[in-house]
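Structural overview
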Amino acid sequence: QVQLVESGGGLVQAGGSLRLSCATDARTFRSYFMGWFRQAPGKGREFVAAIGWGTLYADSLKGRFAISRDSAKNTVYLEMNSLKPEDTAVYYCAAGVRVIADAREYDLWGQGTQVTVSS
């Protein structure tokens, strides 16, 4: 069973940083492009960033968030800086065959990791 396992969430003060990780198996890592989405309470799932041959970011997050991957560890990262209370959400890792912002195009999803930014 293919798994995407997120980690690295937690509670951080506004202005702080967090790095999320998404680990998977080698076959999945080689076969799919990877993305991050988030969902705040009472809101829909929002695209954050994706990585394939290049990277794609939500315009509102460009410059504060950075996505990267480590092929040796089959892991994708999301570095989040200058965090704001409105960044509070459950962050999900996803795998798809396109680097795209549409959540419907992603085939595999992790269980999510909570990020809470206090003011």
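Notes on the structure in this doc start here. (Residues numbered from 1 in each chain as written. Predicted model: local features only at pLDDT ≥ 70, side-chain atom pairs only at ≥ 80, totals over all residues. Heavy atoms only, no water.)

Right, let's talk about the pattern of salt bridges for a bit. Evaluation of the coordinates by the stated rule reveals six salt bridges. In this structure, the salt-bridge partner of Asp-59 is Lys-62, at a minimum N-O distance of 3.6 Å. The residues Asp-59 and Lys-62 share a single accessibility class, namely exposed. Note that Arg-64 and Asp-87 form a salt bridge whose closest N and O atoms lie 2.8 Å from each other. Placement of Arg-64 in the loop between β6 (55–57) and β7 (65–70) and of Asp-87 in the loop between β8 (75–80) and β9 (89–96) is noted, with a sequence separation of 23 residues between them. Its relative accessible area of 1% is what places Asp-87 among the buried residues. Beyond isolated ion pairs, a larger network of salt bridges with shared partners links Arg-38, Glu-46, Arg-64 and Asp-87. (Salt bridge = Lys/Arg side-chain N within 4 Å of Asp/Glu carboxyl O. Buried < 20%, exposed > 50% of the residue type's maximum accessible area, 1.4 Å probe, protein only. Helix = DSSP H or I, 4+ residues; strand = E, 2+ residues; numbered from the N terminus.)

Considering all chains together, one arrives at one disulfide under this definition. Paired by a disulfide, Cys-22 and Cys-93 hold their sulfur atoms 2.0 Å apart. Measuring the twist about the S-S bond at about -75 degrees, one finds the Cys-22-Cys-93 disulfide to be left-handed. You can see Cys-22 sitting in strand β3 (residues 18–23) and its partner Cys-93 sitting in strand β9, a full 71 residues away along the chain. The residues Cys-22 and Cys-93 share a single accessibility class, namely buried. (Disulfide = S-S within 2.5 Å.)

Let's shift gears to the packing of aromatic side chains. Applying the stated criterion to the full structure yields six aromatic pairs. With a centroid separation of 6.3 Å and 75 degrees between ring planes, the pair formed by Phe-33 and Trp-53 is classed as edge-to-face. On the criterion of sequence distance, the pair formed by Phe-33 in strand β4 (residues 33–39) and Trp-53 in the loop between β5 (45–51) and β6 is long-range, its members being 20 residues apart. Three or more aromatic residues joined by ring pairs make a cluster, and in this case those are Phe-37, Phe-47, Tyr-92, Tyr-106 and Trp-109. Above the ring of Tyr-77, the side-chain terminus of Arg-19 is found at 4.2 Å from the ring centroid. (Phe/Tyr/Trp six-rings, centres within 6.5 Å; stacked < 30°, edge-to-face > 60°. Lys NZ or Arg CZ within 6 Å of the ring centre and 35° of its normal.)

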